[in-house]
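Close look at the chain arrangement
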Amino acid sequence: MRTMYGTRVVVLGAGIVGAACARELALAGGFQVTVVDRGGAAEATTAHGEGNVLVSDKGPGPELRLAQLSRRLWPEALAAIADGPAGSARAVRAVEWDPKGGIVVATTEAGADGLHRFAADQRAAGVRAEPLDAAALAAAEPHVTRDHTAALHYPEDAQVQPAAAAAALLGDALAHGTTLRTGCEVLGARTRGGRLTAVRTTEGDLAADLFINAAGPWSGRLAARLGAPVDVRPRRGDILVTAPLPPTVFHKVYDADYVGAVGSSAEDLQTSAVVESTRGGSVLLGSSRRRTGFDDRLRPEVLSAIAAKALRLFPGLAGVPVMRAYGGFRPYVPDHLPVIGADPRLPGLWHATGHEGAGIGLSIGTARLLRDLVHGTEPEIDPAPFRVDRPAVLGAPAPSEESV
Amino acid sequence: MSPRLIRAAADATGRRPDRPLHLTVDGEPVTGIAGQSIAGVLLAAGRTSWRTARSGAPRGVFCGIGVCFDCVLTVNGAPDVRACRRRAVDGDVVITQSRADGSTDGAAGGGRMTLRQVVVVGAGPAGLAAAASTLAAGAAVTLLDAAERPGGQYHRMLPEEYGAARPGRLHHGWAAFERLRHRVLGHPRCTWLAETAVWALERPEPGCPGPPLVHTLTGPADGTDRPRRTLAPDALVLAPGAHDRVLPFPGWELPGVYAAGAAQALAKGERLAIGDDVLLAGSGPFLLPVAAALLEAGAGVRAVLEANPPATVARGWARRPWELAEQPGKAAELAEYTALLARHRVPYRMGRTVIEARGKGRVEEAVTARLRPDWSVVPGSEVTVAVDALCVSHAFSPQLELPMAAGCALLRSPTGEFVAVDGDQLTSCPGVYAAGEITGIAGAPAARTEGALAGWLAGGGDPAAPALRRVRRNRDRGRAFAARLAAAHPVGSAWPGWLRPETVICRCEETDYGALCRTATEEAGAAPRVTKLATRAGLGPCQARICGPTVAELTARLGGSPPGRPADGLPVAAPHRRPLAQPIRLGELASTPDHPDPSEPDTKESTA
Ligand SMILES: Cc1cc2nc3c(=O)[nH]c(=O)nc-3n(C[C@H](O)[C@H](O)[C@H](O)COP(=O)(O)OP(=O)(O)OC[C@H]3O[C@@H](n4cnc5c(N)ncnc54)[C@H](O)[C@@H]3O)c2cc1C
Ligand SMILES: Cc1cc2nc3c(=O)[nH]c(=O)nc-3n(C[C@H](O)[C@H](O)[C@H](O)COP(=O)(O)OP(=O)(O)OC[C@H]3O[C@@H](n4cnc5c(N)ncnc54)[C@H](O)[C@@H]3O)c2cc1C
Ligand code: FES
């Protein structure tokens, strides 16, 4: 399988997950990496969400372990990139890494009980979760509602500008010999002896030893085109952007409902407030979760619901102008866990996808895990929960081009 | 000299004696007169700037019509109010804003309706004509405009408070406009919604025919707690017009540098002259009415500079000169302006433009230079001129956010993108018509004809009606005229030669040309959306209305935008995409719209 240049790898998708995987493999040595994308790099889901790098929203389990690994790797990776060739320090500055910490606020008694229980479990799993009394909360977030029943501070939560983060990871991969091909859509597979040996693309065939499906919410479609369907679906999220404000929000502040919405699969609209400021002064107000396929129509009632939830946390923002709304599609698997590993049905095909609303944060840990699996070295965390041949991934009928 | 108000006694419009009103601005009393916008009050009081950008640089009025968001301030506690749009009210407490230190302190819906319901957005020449012919076709029309009074940019009306006895003195075709306005607004099947902005269009479910739902806010510009409405028309006519496209040059962000339309709007709409030593530069016949309005207002005009050399202009017009002659109103109007310039000894120079503005805290001098046909500067031809105001307009930029939100296909032309329409003014979206400057720049008469056609067909009028033949013919002439205009006044491709690395490209976020160049040439970050997030160019309060087309052009030239297929569901990065067509306050967004009961006839808001 090895050529004189090493193992040839083609990463399918240049979002943040593909970028992180390309970088890990390029740095590992022994791989000749190409990243392909039908559009431009990092401009799909990665540029249509937010950049929270969170441990606070995850209960004990495999996703939290992946989040903790990622949280440790982020500052290391950014420091390493900044030391790279000319221009990379600027690329890292653009990432706007900010370990500002998260604050979760409950506004009902039931919410407070749930939050305290959740935090106790998290602490047992090694997450720092510090209760804030009313005075401490007011000091940390002077504009947050006084009508709260509980508040917790998660000092490990951080934030990046996601498109810049992907560009920095990809730029580092390119600096380490990776090739990027944009405007190149993967159409289908070429197999020999049951093994994936090349992908057909709009720019001709691309042969390689390994292919990594990192096509985000389109991973299900792409995998179906390659003949090995996985059940990754889109879940729409919308975000509001305010006009630039003087400093008003200092942490990532979200309501305790968030914890419930992430793990739920309901079809209909769910919203929970996530409020954070950006370096430009705008405040981002998220977000919603809807399963509507790839329907990107603006829905005023969804924006209204987000606005109402945000005002419950920050009533003082009522007079602030909202100047933009945008949204994207979270790549999600019915059991809400990413898919990372080799596809047992089609040798040569690997998957790194299904990160739902956490792919920015989890990208870097995912890439490390994938590298170890490709190498055959013992990963730092148990990869079994993310394996491809689990019922949630292979269970459903293959999504056709039309149905997702 | 500073901008100043024309004295009522000397005002040709026969304005009534001023009724003073008092504001406090940052705690200081400032006196204005009833009818002025807050920007008008401040300019007349001698302030050319009142906001500071992130870098601390001073800012004031630039576009004058609510597009650039440069003039925002806090009014009665509500931040980010566009001063050029907001009428001053006695007792207003105004606080200026700064981004530097981070301190602001500062319908008729539905299926049960038997009568066909048409919503017309924009009451300029195109929209007003559309409403009239919708009524003629027998349908009901809801005409709405963000402004308080109809007329659009062309027939910008004086505020009622000015009590002008002879408002028509400032306008061409005023009597006809007045007749039309009264006929439309007074019609029993017309609902006129003044001060009503469309903030969103909601497309129907895929597969469902019909135009989008229209979401509106009614109240003073950038007010608070404005009621929301949702209109569900059978057909929609979009006529939101255009604004000046100003290309960046060093110093264009200085107070005292205005988009030409701002000078026009302030003179026509507020009787304010922006300066005494004014230089006009750019391209196109629109510079002439601006010069005329400034002269009428008593301002000194140093010169009018047309960037294109005589050969380009002549070639553009001369190939089929009868097409110009067949826009009768326009030809006479242009002749009149030319005579006026001659009378005032204002030189009209071709092949020359402003390539730099200089000054401390405001414009004090302009550097002009001779241009080659591609707008590259002839070395050594630079001349420095002392000015107290500079007006610039290189082209027009259609307001495309509503058509894009509706899902209308655009047409790329050498002068930019416009809404694609068929011979019936129908866009690519069922039930959505487009008229006026959003389909091409050809002036008010052409906008009117397009509106008349669109309104008739939107209202269910017979497409084969005999009277329509003439309308269609005029419309076709209007289109031909637009093509001539574009050929005679192109934007030369070498204009980026004026730029320096430190020249501001995005006025809102103060992104400079150097930053744009650096980012667009980085392979991993070259996608337009990624560049935008990294440089912030286009992310500011105006949402790329001002910088968008320029940034798109520059990044494409820098080798930025890679080819490729857009991802399903995700819109392509486009300079005119603004899903929120107007800012809406969070509290307003959280409130529920009132859905008027469709079984009840709409109450008439006003018949002003
Ligand atoms: C509203 C919203 C808010 C979010 N907030 C957060 C947050 O705060 N924190 C967080 O960690 N995550 C967040 N996310 C989730 C995060 O954005 C995603 O998990 C992440 O971007 C997924 O990255 P990706 O690389 O897998 O997918 P993408 O970025 O979508 O990349 C996939 C790439 O594959 C390409 N592709 C697809 N099909 C083909 C094909 N056939 N051929 C070639 N190329 C193809 C696409 O063009 C695309 O560039 C949010 C998401 C949304 C929508
Ligand atoms: C500032 C300015 C001054 C001009 N002055 C002249 C002149 O003196 N002579 C000349 O020949 N040409 C002038 N022009 C050119 C002028 O645009 C056209 O001649 C003519 O007015 C175009 O007509 P229209 O109906 O297409 O658009 P407009 O006249 O621009 O009318 C569009 C209307 O739509 C409204 N609107 C837009 N968006 C929304 C929304 N989201 N919600 C609600 N309402 C909305 C606006 O308030 C406006 O009233 C001027 C242009 C500008 C920008
Ligand atoms: S000029 Fe306003 S966003 Fe660029």
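Residues numbered from 1 in each chain as written. Chains lettered and ligands numbered in written order. Predicted model: local features only at pLDDT ≥ 70, side-chain atom pairs only at ≥ 80, totals over all residues. Heavy atoms only, no water.

Right, let's get into the domain arrangement of chain A. A common way to state how big an interface is: give the accessible area lost once the parts meet. Residue and element names in this part refer to chain A. The domains assigned to chain A are domain 1 (7-72 + 162-231 + 335-394) and domain 2 (102-155 + 234-332). Here the C-alpha centre of domain 2 lies 28 Å away from the C-alpha centre of domain 1. With both chains or domains summed, domain 1 and domain 2 bury close to 2200 Å², and 58% of this area falls on carbon and sulfur atoms. Scanning the region where domain 1 abuts domain 2 turns up two salt bridges. The residue E356 makes a salt bridge to R235 at a minimum N-O spacing of 2.6 Å. Summed over the shared surface of domain 1 and domain 2, the result is eleven residue pairs in polar contact (both at pLDDT 80 or more). Split by residue class, the side of domain 1 that touches domain 2 holds six nonpolar, twelve polar and six charged. (Domains from an automatic or database assignment. Buried area = accessible area lost by both parts, 1.4 Å probe. Salt bridge = Lys/Arg side-chain N within 4 Å of Asp/Glu carboxyl O. Polar contact = N/O pair within 3.5 Å; in protein donor to acceptor, adjacent residues only side chain to side chain. Nonpolar A, V, L, I, M, F, W, Y, C, P; charged D, E, K, R; others polar.)

This brings us to the confidence of the model for chain B. Residue and element names in this part refer to chain B. On average, residues of chain B score 90 in pLDDT, and 92% of them are at 70 or above. The model gives residues 102-113 a pLDDT under 50, and that stretch makes 31 contacts with residues more than four places away or in other chains. Low pLDDT (under 50) marks residues 597-608, which in the prediction has 25 contacts with non-local residues, meaning those over four places away or in another chain. Prediction confidence for the complex, expressed as pTM and ipTM, is 0.91 and 0.91 respectively. (pLDDT = per-residue confidence, 0-100. Contact = heavy atoms within 4.5 Å.)

Every contact between the two is made by 52 residues of chain B and, on the other side, 59 residues of chain A. Summing both sides of the interface, chain B and chain A together bury roughly 4600 Å²; the carbon and sulfur share of this comes to 58%. Among the residues of chain B in contact with chain A, R529(B), L570(B) and L586(B) are the three that bury the most area, contributing 15% of the side total. The interface formed by chain B and chain A holds three salt bridges in total.

Residues and elements named next belong to chain B. Note: strand β27 (residues 410-413) against strand β28 (residues 416-419), four bridges, orientation antiparallel. Among the inter-strand pairings, L411 is bridged to a residue of β28, identified as F418. The hairpin formed by β27 and β28 contains two residues between the paired strands. (Pairing = 2+ DSSP bridges. Helix = DSSP H or I, 4+ residues; strand = E, 2+ residues; numbered from the N terminus.)

The mixed open sheet is built from nine strands, whose spatial order is β5(A)-β6(A)-β4(A)-β14(A)-β15(A)-β16(A)-β13(A)-β17(A)-β32(B). Looking at the sheet topology across the chains shown, the edges are occupied by β5 (130-131) of chain A together with β32 (584-585) of chain B.

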